[in-house]
Amino acid sequence: MDGEQDNNTALHEAAVAYCEAVYFARAEVFENMCHPRFQMTLVEDGQTTFWDKAAYLERVRGRDAFAAPAGYAILGMDSAGGEIARVHLTVDVPPLRYEDHLGFVRVDGEWKLLTKVFRTAARLDEE
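Residues numbered from 1 in each chain as written. Predicted model: local features only at pLDDT ≥ 70, side-chain atom pairs only at ≥ 80, totals over all residues. Heavy atoms only, no water.

## A word on the packing of aromatic side chains
- Applying the stated criterion across every chain yields a total of 7 aromatic pairs.
- Arranged with centres 5.4 Å apart and planes meeting at 35°, the rings of F38 and Y56 form a pair that is tilted. Here F38 is found in strand β1 (residues 34-44), whereas its partner Y56 is found in helix α3 (residues 53-61), with 18 residues between them in sequence.
- An aromatic cluster of at least three residues, connected via ring pairs, comprises Y18, F30, F38 and Y56.
- Lying over the aromatic face of W51, R59 brings its terminal NZ or CZ to 4.4 Å of the ring centre.
- The ring of F118 carries K116 above its face, with NZ or CZ at 4.7 Å from the centroid. (Phe/Tyr/Trp six-rings, centres within 6.5 Å; stacked < 30°, edge-to-face > 60°. Helix = DSSP H or I, 4+ residues; strand = E, 2+ residues; numbered from the N terminus. Lys NZ or Arg CZ within 6 Å of the ring centre and 35° of its normal.)

What follows is the structure, given as structure tokens:
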């Protein structure tokens, strides 16, 4: 496997780990995955709300996991030179489905989640 394939495999693995950590409320995954300067932004009804890493971990710890299997879809991903990457996905947090745009940076050989910009994509109880 060449370097680009390795990067794409590692990025895909990070995306899956992210989705499962969201769905199953695994804050410990985000403690390692999120860069210390992580920033999360919700865009809703023309307004933006921001959280840092500590606030995000608190949100994840404050809820229960959902029953398996996890609900998510990885819609797209790409990396530039193995240093920065983006992932576009949906992940369920019933009764909502969120659309996330994630920005990753490579730190010491690992993909670290630096940014998350997201919105509510659908209400699952209305589908």
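On we go.
## Things to note about the sheet that holds strand β2 (residues 47-52)
- With respect to topology, 6 strands assemble into an open sheet ordered β2-β1-β6-β5-β4-β3, the strand pairing being mixed. This sheet does not close on itself; its edge strands, each paired only once, are β2 and β3 (72-80). When the angles between neighbouring strand axes are averaged without regard to direction, this sheet yields 15°. (Pairing = 2+ DSSP bridges. Axes fitted to C-alpha atoms, helices over the stretch in contact; angles between N-to-C directions.)

## Observations regarding the nonpolar core
- In terms of nonpolar packing, the biggest core is built from 31 residues, with Y18, F30, Y56, F104 and L113 touching the most fellow members.
- Where this core is concerned, the elements lending two or more residues are α1 (3-23), α2 (27-33), β1, α3, β4 (84-93), β5 (96-107) and β6 (110-123).
- Residue contributions to this core peak at 7 residues, all from α1.
- Other than its neighbours up to four places away in sequence, Y18 contacts F30, M33, Y56, L89, D100, L102, L113 and K116. (Core = buried A, V, L, I, M, F, W, Y, C linked by side-chain atoms within 4.5 Å. Buried < 20%, exposed > 50% of the residue type's maximum accessible area, 1.4 Å probe, protein only. Contact = heavy atoms within 4.5 Å.)

## Brief notes about α3
- Listing the buried residues of α3 in full gives K53, Y56, L57 and V60. Along α3, the residues classed as buried sweep out an arc of 100° about the axis, all on the same side. Of the residues in α3, the exposed ones pointing more than 90 degrees away from the buried face are A54 and E58.
- At the N-terminal end of α3, a side-chain oxygen is found 3.4 Å from the backbone nitrogen of A54, two or three residues along, and the residue is D52. (Arc of directions from axis to C-beta. Polar contact = N/O pair within 3.5 Å; in protein donor to acceptor, adjacent residues only side chain to side chain.)

## A word on unusual backbone geometry
- Looking along the chain, the bond that leaves A68 and enters P69 is cis, with omega of 0°.
- Within the secondary structure layout, P69 lies in the loop between α3 and β3.
- Following P94, the chain continues into P95 via a peptide bond in cis, with omega recorded as 15°.
- Mapping P95 onto the fold places it in the loop between β4 and β5.
- Even without being a glycine, A25 presents a positive backbone phi close to 55°.
- You can see A25 is positioned in the loop between α1 and α2.
- Positioned with a positive phi, D108 is a non-glycine residue whose angle comes to about 50°.
- Note on placement: D108 falls in the loop between β5 and β6.
- In this structure D108 comes out as exposed when scored by relative accessible area, which is 78%.

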